[in-house]
Structure formats: C-alpha cells, structure tokens
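# Observations on the model geometry
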Amino acid sequence: MIAESCSLLNAAALEDDDRVFEMSDYQGPIARWCSGCGDHSVLTAAQRLMTENQLKPETTVFVSGIGCSSRFPHYMKTYGFHGIHGRALPVATGVKLTRPDLDVFAVMGDGDCVSIGAGHWIHAIRYNVDMVALLLDNNIYGLTKKQTSPTTPQGYKSNTQPYGSYLPPMNPLETTLGVTNASFVAQTAEWVPGHLFATLKAAYEHRGFAFVRILQRCPHFTPDIYGEMVKHPDRIELLDHPEGIRAEGLEKIYTNQIRHDPADIHHARELAEDMSAIRLGLFFRDEARPRYEETRALPKYTARQKSDILNEEFERYAV
Ligand code: SF4
C-alpha cells in the first residue's frame, strides 16, 4: 500500500530545489499507538532526522511488516509500504536495488524481524544493501495482545505461555554480529531521545545495512520490562569511543560507561553476548564490507545485444 504521501507531490514543489522542509512536512496523521508507547519517540526521532538532513519526502521510503510498530509508514509523509508479516526486508531490499537513489528505512517489531522474518533478516545483513533497519523491540507481540515473542524474557507470562516463556530469549545483537558481512550494529533506547537520535543519524550516514535495535516500552503489555531501566540510569552502560555514538550531556546521566572501539568485532561480540548489562551504543561499524548493489553489478547490454541474447535462447528451445 502506498502511504498517503501523493498529495504532497505537486509538480511545482518537485521542481523547486530551494525547498526547505520543516518537521511538519514529514508528519502524517496522529499516531494511533497507546499513550506512552515507545513507538511515538521513534517516530519523532525519524522525523527529526529527516528534518535535519533535509530528506526529500518523495525520495524517502519507509517499509514495514506487521505489528504495532509497523503502522509507522502511515504516520510519515513519505512513500511507504505496509507489507505482510516478516517481509519488510525483502521489500525494502527490492526497493533499494531498483531505485538506489532512494533513502530506504525498514521498520520491524521483534515478532516481525526475529521470528517470522528471521530468514530475511539474516540474509539482509549478509547482502549489506544500503538502508537503515530499525528493530523496535518491546519483547512481546503487542498487536495480537500479548503473545510470547522470540525476545520475551524467560519466565515472562503471556497469553500464549501463561506459565512463563519456556526458552531463553534470542539476542538480536549477538545474532546480527554473528552474520558474515554485518557492517553496522547499534543499540539504543527510545526513552533516551538524545541517544536515539544520534544512533539514527549514525545509521543513516552509514553506507551499507545499518541495523539498529531500539529497546521499546510497551506500557500496555510489558510495562515492567524496561521500567526499572528508565528509572535507574545506572542500570544502563554506554559504549564510549570517539568513533562511536555520542550525545551531548548524556554522560552526566549515564555515568556507567565502557570503552569500546566499534572497529573491534571480537569485543563487540563479547559485549553483545554478555546480557548481564544493557548496553547502548555502536557495537560495530565497517564501511569497507562489500555491498550487494556493487558486487552484483550486472553486465550492461544494449537493446540490440539483449534482443540477440533472447533470440539465441529462443533458438535453443525452438521445436
Ligand atoms: Fe505500543 Fe504496546 Fe500499545 Fe502496541 S500494545 S501500541 S506496542 S503500547
């Protein structure tokens, strides 16, 4: 479905290169998420990112799957595609490969990305196509009313596992860092707006597949999961490095910090694997990793050459 963006694409505006976009130029209808839902913060951060970078609404696409957060494209005045469950990444990949001039964002929930879309997730990391992938992780299926997701903490009660989740949760950072060709892996939290914005900015500026896990509150179904972390900043550890993600003034609130060079993938994996602390920051970045849109470079044929190749193939199978 194409989001309701077409109205803003009048011909006069498209011809005007001097357009200056305000935040309101990216804001769609009022979001229908629950009050206090972390999705609101991510939406605001994305609109702020677009304003700061003056992204053109007509060359920006938000692609989503199914879930609460997947309503995202409806609330952006850009192009959008609200797809089917778990399929945000293949659609986004297709968009980017076909139109490399577009800025592409994929927005997924934990059920969408880590469960039904897991196969696509793994291969999107490996293909390393230039886009921003946001995993809004609230540890539950919210849209379908509190069902256990792959990131639900072990023992956490839900409507599908009323005696508590049986399995230890999947760790999206560890998984992403384990895939060959991962090029950008970061974690942030929607209740730390300065860090959230700085992370989205770094992801947008990265050339390659930028994977960002955003810890997201769901006050309706999992109010207790991140509650303590919101109240007690000392429960969070910031990754600190000049090449990492930094937000002004944050170090005064989040005094618990650890030095980490985002070029060091081994240390990144160690930090991601250790779930005794919640860490925010840039775990890994390597812009030298090959991107699929470059490595797949197809031979360029003229129309005549294409016609000759086709005829040759037809001849082979002609009876
Ligand atoms: Fe947000 Fe949870 Fe409400 Fe869904 S159910 S809109 S994730 S607060």
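Scroll up to find the structure.
Residues numbered from 1 in each chain as written. Predicted model: local features only at pLDDT ≥ 70, side-chain atom pairs only at ≥ 80, totals over all residues. Heavy atoms only, no water.

Bringing the pairing of strand S9 (residues 236-240) into the picture now. Of all five residues in S9, five are buried, a share of seventy percent or more. Of the two faces of S9, the one holding Ile-236, Leu-238 and Asp-240 and the one holding Glu-237 and Leu-239 are both buried throughout. By the bridge criterion, three bridges tie S9 to strand S11 (residues 278-285) in an arrangement that is parallel. Looking at the pairing, Ile-236 lines up with Ile-278 of S11. Relative to strand S10 (residues 257-259), S9 runs parallel, the two being bridged by three bridges. Opposite Leu-239, over in S10, you have Ile-258 as the bridge partner. (Buried < 20%, exposed > 50% of the residue type's maximum accessible area, 1.4 Å probe, protein only. Helix = DSSP H or I, 4+ residues; strand = E, 2+ residues; numbered from the N terminus. Pairing = 2+ DSSP bridges.)

Inspection of every chain in the model, using the stated rule, returns nine aromatic pairs. On the basis of an interplanar angle of 85° and a centroid distance of 4.9 Å, the ring pair of Trp-33 and Tyr-75 is categorised as edge-to-face. Residue Trp-33 is located in the loop between helix H1 (11-15) and helix H2 (39-53), and its partner Tyr-75 is located in the loop between strand S1 (60-64) and strand S2 (79-82); the two are separated by 42 residues in the primary sequence. Of the two residues examined, Trp-33 and Tyr-75, each falls in the buried class. Pairing Tyr-127 with Tyr-292 gives two aromatic rings, centres 4.5 Å apart and planes at 45°, and the pair type is tilted. Here Tyr-292 lies in helix H11 (residues 292-295) and Tyr-127 lies in helix H5 (residues 118-127), a separation of 165 residues in the sequence. The class of Tyr-292 is partly exposed, set by a relative accessible area of 28%. Three or more aromatic residues joined by ring pairs make a cluster, and in this case those are Trp-33, Phe-62, Phe-72, Tyr-75, Phe-105 and Tyr-204. (Phe/Tyr/Trp six-rings, centres within 6.5 Å; stacked < 30°, edge-to-face > 60°.)

Neighbouring the ligand are Trp-33, Cys-34, Cys-37, Cys-68, Asn-138, Gln-216, Cys-218, Pro-219, His-220 and Phe-221. The residue makeup of the shell around the ligand, split by class, is seven nonpolar, three polar and no charged. (Near = heavy atom within 4 Å. Nonpolar A, V, L, I, M, F, W, Y, C, P; charged D, E, K, R; others polar.)

Moving on to the sheet that holds strand S7 (residues 184-189). Pairing between sheet strands relies on hydrogen bonds along the backbone, with the strands arranged either parallel or antiparallel. Sheet architecture is open: nine strands sit in the order S2-S1-S3-S4-S8-S7-S11-S9-S10, paired in mixed fashion. The outermost strands of the open sheet, each flanked by one partner alone, are S2 and S10. Averaged over all adjacent pairs, the angle separating strand axes in this sheet is 20°, with direction ignored. Together, S1, S2, strand S3 (103-109), strand S4 (131-137) and strand S8 (209-215) form the strand contacts of helix H3 (residues 88-98), whose direction differs from that of S3 by roughly 180°. (Axes fitted to C-alpha atoms, helices over the stretch in contact; angles between N-to-C directions. Contact = heavy atoms within 4.5 Å.)

What follows covers the pattern of salt bridges. Tallied over the entire structure, the rule returns 18 salt bridges. A salt bridge links Arg-217 to Glu-190; the shortest N-O distance between them is 2.7 Å. Of this pair, Arg-217 sits in the loop between S8 and helix H8 (227-231) while Glu-190 sits in the loop between S7 and helix H7 (193-205), and the two are 27 residues apart along the sequence. On the accessibility criterion, Arg-217 (27% relative accessible area) is partly exposed. (Salt bridge = Lys/Arg side-chain N within 4 Å of Asp/Glu carboxyl O.)

In this section: unusual backbone geometry. A positive phi angle is found at Gln-54, which is not glycine, with a value near 50°. Within the secondary structure, Gln-54 sits in the loop between H2 and S1.

Moving on, we come to the nonpolar core. Grouped together as the largest cluster of nonpolar side chains are 48 residues, with contacts concentrated most on Phe-62, Phe-72, Leu-134, Phe-184, Trp-191 and Ile-214. Contacts of Phe-184, omitting those with residues within four sequence positions, involve Ala-202, Ala-203, His-206, Phe-209, Ala-210, Phe-211, Val-212, Leu-282, Phe-284 and Arg-285. Formed by 33 residues, the second largest nonpolar core is a distinct cluster that contains Val-104, Met-131, Leu-135 and Leu-173. (Core = buried A, V, L, I, M, F, W, Y, C linked by side-chain atoms within 4.5 Å.)

What follows deals with the environment of Val-129. Residue position: Val-129 is located in the loop between H5 and S4. A relative accessible area of 2% means that Val-129 is categorised as buried. Each C-alpha atom, one on Val-129 and one on Thr-151, is 25 Å from the other, the two residues being 22 residues apart in sequence. In this structure, Val-129 is in contact with Thr-93, Lys-96, Leu-97, Ala-124, Gly-208, Phe-209, Tyr-292 and Glu-293, ignoring residues within four places of it in sequence.

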